Amino acid sequence: MAGLTNKLPEELQTLRERGLDALGKLPEADPDMTSWIAPSSSQDAEGKQSARAAYFNTYGFHVARGFVSEEKAAEMIGRMTELVEDYWHPGDPAQPSAVFRTDSEQTSAQGSSDYFLDSADRVHFFAEKDALNDDGTVKTSEKLLALNKAGHGLHQADELFRNYSCSDAIKDLVKDLGWNDPVIPQSMYIFKQPRIGGEVTSHQDSCFLHTEDVNTGEPRQSCLGLWLALHDATVENGCLWVRPGSHKEKLRRRFNRNPEYFAGDKTKPQMVFEENDEAPEVTWEGKLPDGSWPPPSEGLFANGFVPVECKAGDLVVFPGTLDHLSLPNYSDLPRHTFQLHLVEGEREGFKWSDTNWLQYSGEGE
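About the cut-offs
Residues numbered from 1 in each chain as written. Predicted model: local features only at pLDDT ≥ 70, side-chain atom pairs only at ≥ 80, totals over all residues. Heavy atoms only, no water. Salt bridge = Lys/Arg side-chain N within 4 Å of Asp/Glu carboxyl O. Helix = DSSP H or I, 4+ residues; strand = E, 2+ residues; numbered from the N terminus. Buried < 20%, exposed > 50% of the residue type's maximum accessible area, 1.4 Å probe, protein only. Pairing = 2+ DSSP bridges. Axes fitted to C-alpha atoms, helices over the stretch in contact; angles between N-to-C directions. Contact = heavy atoms within 4.5 Å. Phe/Tyr/Trp six-rings, centres within 6.5 Å; stacked < 30°, edge-to-face > 60°. Lys NZ or Arg CZ within 6 Å of the ring centre and 35° of its normal. Core = buried A, V, L, I, M, F, W, Y, C linked by side-chain atoms within 4.5 Å.

(A) Fine view of the pattern of salt bridges. Evaluated as defined, the whole model comprises 21 salt bridges. Notably, a salt bridge pairs Asp181 with Arg347, separated by 2.7 Å at the nearest N-O pair. With a gap of 166 residues between them, Asp181 in the loop between helix H8 (168–177) and strand S4 (182–190) and Arg347 in the loop between strand S14 (337–344) and strand S15 (350–352) connect regions that are remote in the sequence. Judged by relative accessible area, Asp181 falls into the buried class, the value being 8%. The closest approach of N and O atoms between Glu285 and Arg253, which form a salt bridge, is 2.8 Å. Placement of the pair is Glu285 in the loop between strand S10 (271–275) and helix H10 (298–302) and Arg253 in strand S9 (residues 253–257), with a sequence separation of 32 residues. Residues Glu285 and Arg253 agree in their burial class; the two are buried.

Shown next, in the form of structure tokens:
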């Protein structure tokens, strides 16, 4: 993509060129493509969609180049560094140490943690899976380098991140894409650390943030992800990979609160996955397609995934049924992102599912 001039090893340069070629060969977006969220909501007075809405609805993602300045991205990085220094004290018996995973151990890691469940309107910190000693202290020389993510209430708890989350730029974008009553249930800061930043396996965001029809209670997805690059995100340090068009597929599974646990059986996990038998079967759900890593990553291209490289300040926006992932960061380069997730509100006929892992004790923002 224009603007990324970093010299890559030959095998990664081939990945970049192949990804750009695949994106460039996508047919022109259909200006009459039905809106993912609502059939008429992203049309103007003449019944036409904007170019970005048409691309979004056709392929399931849109890249807003230069959505924020590089200076604003650097300011967010600086603010998170301050939050980590002031509020994360690994090894302190008074503060839980939690690890975040997206692999086969996800249910045991997130599904059995009050610290995870209680993070809805707060800023909690989650380490990389191999970054902590048995006593909860960090193995790295700098504690920030041990973190996988911070979440899930940055959009409420911190002024800088709140101002971005509620900015006119965000409002204008989501309105153009068809969201008329957006509500922000969660935000995350992802670190993707140099050399140890783990992969994020294939998933659909609505698996973790699902909504229902307010009248019938039937599943009706409305999650929208807004993925803001705070560093350049490339094939070298673990950029996003998407599967264009997969947003039209059904949700494959849901990460639900376990009714047995919350009814009193504390021997059960707090969270469980519920599979959707009506969804198309893929062999890589919750993992990476065979042949994803190392390069040439033939398994990703063979299954329709393409890399989406970004400059710091670029934003990738996509609906909750888009299949996406990212590869490990084995480079010496950081790859921080700030990610918002919003859903459509009750005025548009949606409601937040009471089976979602994330629940607010009071009124959320």
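There is more to say, and it comes next.
(B) Fine view of the sheet that holds strand S8 (residues 240–242). What the 4 strands build is an open sheet, ordered S5-S13-S8-S11; its pairing is antiparallel. Both edges of this open sheet fall to strand S5 (200–203) and strand S11 (306–308), since each of them pairs with a single strand only. Averaged over all adjacent pairs, the angle separating strand axes in this sheet is 25 degrees, with direction ignored. Contacting S8 and S11, helix H1 (residues 10–24) crosses the sheet at an angle of about 100 degrees to S11.

(C) How the structure looks around the packing of aromatic side chains. All told, the structure shown has 19 aromatic pairs when counted by the stated rule. Ring plane angle 45 degrees and centroid distance 4.8 Å describe the contact between Phe255 and Phe273, whose orientation is recorded as tilted. Remark: Phe273 occurs in strand S10 and Phe255 occurs in strand S9; sequence separation between them is 18 residues. Through pairs of rings, three or more aromatic residues link up here, namely Phe161, Tyr164, Tyr189, Phe191 and Phe338. Sitting above the plane of the Phe350 ring, Arg220 keeps its charged end 3.9 Å from the centroid. Above the plane of the ring of Tyr261 lies Lys266, whose end atom (NZ or CZ) is 4.0 Å from the centre.

(D) Representation of the sheet that holds S14 within the structure. On the basis of which strands lie adjacent, the open sheet formed by 7 strands has the order S1-S12-S7-S14-S4-S3-S2 and antiparallel pairing. Both edges of this open sheet fall to strand S1 (62–64) and strand S2 (123–127), since each of them pairs with a single strand only. Between one strand and the next, the sheet's axes are offset by a mean angle of 20 degrees, whatever the strand orientation. Bridge analysis of S4 against S14 gives 7 bridges, and the strand direction is antiparallel.

(E) Structural detail: the nonpolar core. Judged by nonpolar contacts, the single largest core of 62 residues is most densely connected at Met80, Phe125, Tyr164, Trp179, Tyr189, Leu226 and Trp357. Here the element with the most residues in this core is helix H3 (residues 70–87); it accounts for 6 residues. When near neighbours in sequence (up to four residues on either side) are disregarded, Tyr189 contacts Met76, Ile77, Met80, Asn148, Lys149, Ala150, Leu154, Phe161, Leu230, His336, Thr337 and Phe338. Core analysis: the second largest hydrophobic core is formed by 28 residues, Leu15, Trp227, Cys239 and Val282 among them.

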